[in-house]
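# Residue-level structure breakdown
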Amino acid sequence: MFTQSELEAYLDEDLPSDEMARVEDALRSEPQLAETLAALNVRRDSGMHSVGGIWRRARISCPTREQLGSFLLQAVDGAHADYIRFHVETIGCRACQANLEDLRQQQEEAAEVVDTRRRKYFQSSAGYLKKGK
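Residues numbered from 1 in each chain as written. Predicted model: local features only at pLDDT ≥ 70, side-chain atom pairs only at ≥ 80, totals over all residues. Heavy atoms only, no water.

## A short note on the overall build of the chain
- Along the backbone of the chain there are seven helices and zero strands.
- Ordered by position in the sequence, the α and β elements of the chain form the string α-α-α-α-α-α-α.
- The buried share of the chain, taken over its 133 residues, is 23%.
- In the chain, 57% of the contacts between residues at least 6 apart in sequence involve partners at least 24 apart.
- For the chain, the accessible area works out to roughly 9800 Å², and carbon and sulfur atoms hold 53% of it. (Helix = DSSP H or I, 4+ residues; strand = E, 2+ residues; numbered from the N terminus. Buried < 20%, exposed > 50% of the residue type's maximum accessible area, 1.4 Å probe, protein only. Contact = heavy atoms within 4.5 Å. Areas by Shrake-Rupley, 256 points an atom, 1.4 Å probe, with all protein chains shown as cover.)

In structure tokens:
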């Protein structure tokens, strides 16, 4: 029912949430699937790793958080921006989507903090400004 790649992605929590739920439902009703998953986990823990498995777990193809921040600020070149967009939107890398969302929230919070600080400065110095004639 599930491929080895899907089960490995399940162990790495790299499946979309609906697929994660599908695997969990199947694990409850199919003891053989639970045994297969346990054997896969033992194999991984014993040091038997594929190049693909190492690549996925180490997130070698993921952009760094700094690169994601530059992408968010539109400060990366076209080809690199295209790759990041493909990685996040088409491939749907959950780790990079989460990083990007966190960076977006920080950027929005920063704008609110700056606006609040400017308002306070203006209010505190309003009495010192000369009125125009």
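Moving on, there is more to tell.
## So, helix α3 (residues 31-45)
- A rise of 1.5 Å per residue sets the reference length of α3, with its 15 residues, at 21 Å; its end C-alpha atoms lie 21 Å apart and thus fit the reference within 8%.
- Residues Leu 33, Leu 37, Leu 40 and Arg 44 constitute the buried set of α3. Projection of α3 onto a plane perpendicular to its axis shows the buried side chains occupying an angular sector of 60°, all on one side. For α3, exposure combined with an orientation more than 90 degrees from the buried face picks out Pro 31, Gln 32, Glu 35, Val 42 and Asp 45. (Expected span 1.5 Å × (residues − 1). Arc of directions from axis to C-beta.)

## Let's talk about the pattern of salt bridges
- A full pass over the atoms with the stated rule returns seven salt bridges.
- For Glu 19, the salt bridge goes to Arg 22, with nearest N and O atoms at 3.2 Å. With a gap of three residues between them, Glu 19 and Arg 22 both fall in helix α2 (residues 17-29), about one helical turn apart.
- Arg 22 sits in the partly exposed class, given a relative accessible area of 35%.
- Among the ionic pairs, Arg 104 bridges to Glu 101, the shortest N-O distance being 3.9 Å. Linking Arg 104 with Glu 101, this pair stays in helix α7 (residues 94-125), spanning three residues, or about one helical turn.
- Arg 104 sits in the partly exposed class, given a relative accessible area of 34%.
- A relative accessible area of 37% means that Glu 101 is categorised as partly exposed. (Salt bridge = Lys/Arg side-chain N within 4 Å of Asp/Glu carboxyl O.)

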